[in-house]
Amino acid sequence: MSSPKNIKNALISVFYKDNLEPIIRRLHELGVGLYSTGGTQTFIEQLGIPVTPVEELTSYPSILGGRVKTLHPKIFGGILGRRELDADIAQLEEFEIPEIDLVIVDLYPFEATVASGAPDQDIIEKIDIGGISLIRAAAKNFKDVLIVSSRNEYPTLLELLNSKNGSTDLADRKQFATRAFAISSHYDSAIFNWFNADGQEIALRQTANGGQALRYGENPHQKGFFHGNLDAIFDKLSGKELSYNNLLDVDAAVNLMADFSDCTFAILKHNNACGVASRPTALEAWNDALAGDPVSAFGGILICNRTIDAAAAEAIHKIFFEVIIAPAYDADALQILQQKNNRIILVQKNAALPSRQIRTLLNGIIEQDKDLRNETVADMKPATKEVPTEAEYRDLVFANKLVKHTKSNTIVLAKNGQLLASGTGQTSRVDALRQAVAKAQSFNFDLNGAVMASDAFFPFADCVEIAHNAGIRAVVQPGGSIRDTDSVTYCDQHGMAMVMTGVRHFKH
């Protein structure tokens, strides 16, 4: 550790002044000279504490409507001067530049301005120039300067000032500098992404503040982290911390439920739905979702798009599950669900989700649009003589939503707004169908009159033949095989209805 350095002078110029007063007062008590600009200078003066305007130091006024205030050698020289170099110190003395040992500066709220829907000119004016330059300069010279680049760091700074009486060591300064570069890089990425909203520039800039360490990754021997702000999406009412695998399942659950507007309950395991039903009430939807696979539901992730009432909570409480997600819970329902301390109970907020997906691969990253396509009855073009009934069309739409959110190769069987079974993640579509049929039959479902959805086309007639023999009445698939006619002909010969959407829904 280097010898401690005393803070002699501080430059303070911030947009947010919340909780700044105790720091100003402590610096004054420690005899630190204060330099400031604009609103921050006024704030300090109103506290009755001496402060030197930056304009007095630079002998230059703030110009261009405040666009240029601190961009001056007398400011940046005081920050960047290397205290261990005699030549630097001599130049500071020659030009009467004070050493600045502490810089407290934050950035204009660019992201918040974009999110507010402000016009472009307002957004451009929130691209910080002086602030970002001060942050980078002070962080670069962390050997001599302490940089505080966010109001979130005020408590840590105040504790440091109190515990070390205005001195800092190298470890302190490097830690603050590391955070400063995290903030500056995130800020620049946000600006780039706004300018590149049309995607003309093929470049990826993805950053996230507020990360957290997880208990472990996918397995106990793997480290795991979440980078992002879960509080923007959920209010956590009780339970243990979400694990890496919990987060994967929660993500799958939220994306699946986003496609349903009717009262729907879903149960997920390993990112796949094992039970889904749409019904008039949460209790009815839960009962029929659970009936889809009561074995796999054990330890699953539950999600509903309606308020959980006491009747639904009583039924749900009977099984072991990891997480439940809903837009709201009645008070008596919460009392029931919170009887298990580790049970994670989440309230989902009305927050926007990303429209892009990113995944590490080999020595790089792949990126794509999220699959947000949802086919309606109007998108389902009959390919056979037999046309689905109105009820069958409803089930085909229901099943097609589920197939989009199930690992490929997949087949989904559904009837009366209920998932009967699915074949998931199989290397052949035939195997996926056989798995789904066997699973449905194992839970005593009657497949007569059920519908089938496939994530991709049928290259042969074998799948529709297996489906027909199991009692399937109607089929939805993308189509597009050079042998589509094989499946269509079989359906025509056996009184089955088939519709094609022209949209494949692979999920890997």
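Heads up: the structure comes first, above all this text.
Cut-offs and rules
Residues numbered from 1 in each chain as written. Predicted model: local features only at pLDDT ≥ 70, side-chain atom pairs only at ≥ 80, totals over all residues. Heavy atoms only, no water. Buried < 20%, exposed > 50% of the residue type's maximum accessible area, 1.4 Å probe, protein only. Helix = DSSP H or I, 4+ residues; strand = E, 2+ residues; numbered from the N terminus. Pairing = 2+ DSSP bridges. Right-handed = clockwise from strand over helix to strand, strands pointing away. Patch = residues over 30% accessible without salt bridge, like charges linked within 9 Å, V, L, I, M, F, W, Y side chains within 5 Å. Areas by Shrake-Rupley, 256 points an atom, 1.4 Å probe, with all protein chains shown as cover. Salt bridge = Lys/Arg side-chain N within 4 Å of Asp/Glu carboxyl O. Contact = heavy atoms within 4.5 Å. Axes fitted to C-alpha atoms, helices over the stretch in contact; angles between N-to-C directions. Core = buried A, V, L, I, M, F, W, Y, C linked by side-chain atoms within 4.5 Å. Phe/Tyr/Trp six-rings, centres within 6.5 Å; stacked < 30°, edge-to-face > 60°. 1 Å grid on protein atoms, 1.4 Å probe; cavity = no way out; pocket = protein on both sides within 12 Å on 5 of 7 lines; lining within 4 Å. Points joined across faces, edges and corners; volume = space filled by probe spheres on them. Nonpolar A, V, L, I, M, F, W, Y, C, P; charged D, E, K, R; others polar.

## Let's talk about the pairing of strand β2 (residues 9-13)
Move 1: For β2, the buried fraction is high: five of the five residues fall into the buried class.
Move 2: By the alternation rule, side chains of β2 split into N9, L11 and S13 and A10 and I12, which are all buried.
Move 3: Sheet topology places β2 next to strand β3 (residues 33-36); four bridges connect them, and they run parallel. In the strand pairing of β3, N9 is matched with G33.
Move 4: Of the crossover connections in this fold, the one passing from β2 over helix α1 (residues 21-29) to the parallel β3 is right-handed.
Move 5: In this sheet, strand β5 (residues 102-105) lies alongside β2 in parallel orientation, the contact comprising four bridges. If you follow S13 over to β5, its bridge partner there is V105.

## With respect to a nonpolar patch on the surface
Move 1: A surface patch of nonpolar side chains, amounting to about 320 Å² of accessible area, comprises L361, L362 and I366.
Move 2: Within the secondary structure, I366 is located in strand β17 (residues 364-369).
Move 3: The class of I366 is partly exposed, set by a relative accessible area of 40%.

## Things to note about the sheet that holds strand β6 (residues 146-148)
Paired through backbone hydrogen bonds, the strands of a sheet run either parallel or antiparallel to each other.
Move 1: Spatially, β4-β3-β2-β5-β6 is the arrangement adopted by the five strands of the open sheet, whose pairing is parallel. The open sheet is flanked by β4 (52-53) and β6, the only strands paired with a single partner.
Move 2: Pairing between β3 and β4: two bridges, direction parallel. Pairing of Y35 across the sheet is with T52, part of β4.
Move 3: Against the sheet, helix α9 (residues 154-164) contacts β5 and β6, and its axis sits at roughly 145° relative to β6.

## Overview of the pattern of salt bridges
A side chain with one charge may pair with a side chain of the opposite charge, provided their charged atoms come close.
Move 1: Tallied over the full model, the rule gives 25 salt bridges.
Move 2: Residue K5 is joined to D144 by a salt bridge in which the shortest nitrogen-to-oxygen separation is 3.1 Å. One end of the pair, K5, is in strand β1 (residues 5-6); the other, D144, is in the loop between α8 (130-140) and β6, with 139 residues separating them in the sequence.
Move 3: Judged by its relative accessible area of 5%, D144 falls in the buried class.
Move 4: Of the charged contacts, one joins D455 and R429 as a salt bridge, the two residues approaching to 2.2 Å between their closest N and O atoms. Of the two residues, D455 is situated in the loop between β21 (451-454) and α17 (462-470) and R429 in helix α16 (residues 429-442); the sequence distance between them amounts to 26 residues.
Move 5: Via salt bridges that share partners, K8, R83, E99 and D101 belong to a single interconnected network.

## A closer look at the nonpolar core
Move 1: Of all hydrophobic cores here, the largest spans 39 residues; its most connected members are L242, V250, I303, V323, I325, L396 and L402.
Move 2: Each residue touching I303, except ones within four places of it in the same chain, is listed here: A253, V254, M257, T264, F265, A266, L268, I325 and Q348.
Move 3: Core analysis: the next-biggest nonpolar cluster, separate from the first, contains 29 residues, V54, L107, L134 and Y187 among them.

## Points about the side chain of H186
Move 1: Along the chain, the position of H186 falls in helix α10 (residues 170-195).
Move 2: Looking at H186, the relative accessible area reads 12%, which means it is buried.
Move 3: Residues in contact with H186, not counting those within four places in the same chain, are E111, T207, A208 and N209.

## Topic: the packing of aromatic side chains
Move 1: A full pass over the atoms with the stated rule returns eight aromatic pairs.
Move 2: Measuring from ring centre to ring centre gives 6.1 Å for F15 and Y108, while their planes differ by 70°; the resulting arrangement is edge-to-face. Here Y108 lies in the loop between β5 and α6 (110-115) and F15 lies in the loop between β2 and α1, a separation of 93 residues in the sequence.
Move 3: What makes F15 partly exposed here is its relative accessible area of 36%.

## Some words on the layout of surface pockets
The gaps left among the atoms become clear once a water-sized probe is rolled over them.
Move 1: The space that makes up the second largest pocket amounts to roughly 510 Å³.
Move 2: Considering the residues around the second largest pocket, the lining is formed by 24 residues, among which G66, R67, K69, Y108 and D128 are closest to the centre.
Move 3: Put simply, the parts of the chain that give the lining of the second largest pocket at least two residues each are α2 (38-46), α7 (120-125) and α8.
Move 4: Of the residues contributing to the lining of the second largest pocket, the split by class is eight nonpolar, 10 polar and six charged.

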